[in-house]
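What follows is the residue order along each chain.
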Amino acid sequence: MSGGAEAAPDGGLRCPWGLSTEDYLTYHDTEWGRPVHGDDALFERLCLEAFQSGLSWLTILRRREGFRSAFAGFKIPAVAGFTDADKERLLADAGIIRNRAKIEATLANAKVLAGWGAGELDALIWSYAPDPAGRPVPRTLGDVPAVTPESTALAKDLKKRGVRFVGPTTAYALMQACGLVDDHLADCVARGGGA
């Protein structure tokens, strides 16, 4: 069963991507695919997925605490208040990915989201969660899509509302990471919130 769940050191079957490093195994077992709610928590995930674009998720995962420190815990009002001096500080911060376009998008997105009502980002993102009954359970990594109609619609809606640096692939990665979909493989012990 090529691309299917594989045995981890504890003997339990896991999605193969979760077995390459201890960081991935912990993330796979305790976070990925688990429901995330709250505007600030979803803003963090949205920002990190954007920073990941073109890079390994492991790079982001290993710098997550640096990102949290640099971006005031991803509290939307705090990041919305960042100044040009803060932007220069971020561009010099070796604890994060120093990509000007991604940093500027994060700051601009915080300013946009600061104008939304409490819970509005959470409600918008979760409104695109597909009905799990209508989704086939992936048996291999080849069964897991990179983009779906829902992620395409979510990206389009966010862009229409002024949110930058989020395309259909980034939106789908967000949906996977935040539990809007459960893309753990059928035989994975973490499927359905297990592990």
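Note that the structure is predicted; figures quoted are calculated from it, not measured.

1. A short note on the overall build of the protein chain
Scanning the protein chain from terminus to terminus reveals 10 helices and 2 strands. In the protein chain, the order of α-helices and β-strands from amino to carboxyl end is β-β-α-α-α-α-α-α-α-α-α-α. A compact globule built from 195 residues should have a C-alpha radius of gyration of about 16 Å, and the protein chain, at 17 Å, falls within 12% of that. Dimensions along the principal axes, computed over C-alpha positions, put the protein chain at roughly 50 × 35 × 25 Å. Looking at the protein chain as a whole, 47% of its 195 residues qualify as buried. Residue pairs in contact within the protein chain that sit at least 24 positions apart in sequence constitute 68% of those at least 6 positions apart. With 22 positive and 25 negative side-chain charges, the protein chain shows a spacing of 5 Å between the two charge centroids.

2. Brief notes about the packing of aromatic side chains
Centre distance and the angle of the planes are the two values used to describe a pair of aromatic rings. For the structure shown, the criterion picks out 10 aromatic pairs. Here the aromatic rings of Trp17 and Trp32 are separated by 4.9 Å at their centres, their planes lie at 75°, and the arrangement is edge-to-face. With a gap of 15 residues between them, Trp17 in the loop between strand 2 (13-14) and helix 1 (22-30) and Trp32 in the loop between helix 1 and helix 2 (39-52) connect regions that are remote in the sequence. Judged by centre distance (6.4 Å) and plane angle (15°), the rings of Phe67 and Phe71 are stacked. What makes Phe67 buried here is its relative accessible area of 0%. Members of the aromatic cluster, connected to one another through ring pairs, are Phe43, Phe51, Phe67, Phe71, Phe74 and Phe82. Stacked on the ring of Trp116, the Lys or Arg Arg161 has its end atom at 5.7 Å from the ring centre.

3. Considering the nonpolar core
Counting residues in hydrophobic clusters, the biggest one holds 48 residues, and the most contacted among them are Phe43, Phe67, Phe71, Leu90, Ile103, Leu121 and Leu158. Per-element accounting of this core gives the leading share, 6 residues, to helix 2. Excluding anything up to four places from it in sequence, Leu121 contacts Asp39, Leu42, Phe43, Leu113, Trp116 and Leu158.

Cut-offs applied
Residues numbered from 1 in each chain as written. Predicted model: local features only at pLDDT ≥ 70, side-chain atom pairs only at ≥ 80, totals over all residues. Heavy atoms only, no water. Helix = DSSP H or I, 4+ residues; strand = E, 2+ residues; numbered from the N terminus. Rg over C-alpha atoms; globule rule 2.2 N^0.38 Å. Buried < 20%, exposed > 50% of the residue type's maximum accessible area, 1.4 Å probe, protein only. Contact = heavy atoms within 4.5 Å. Lys, Arg positive; Asp, Glu negative; His and termini not counted. Charge placed at Lys NZ, Arg CZ, Asp CG, Glu CD. Phe/Tyr/Trp six-rings, centres within 6.5 Å; stacked < 30°, edge-to-face > 60°. Lys NZ or Arg CZ within 6 Å of the ring centre and 35° of its normal. Core = buried A, V, L, I, M, F, W, Y, C linked by side-chain atoms within 4.5 Å.

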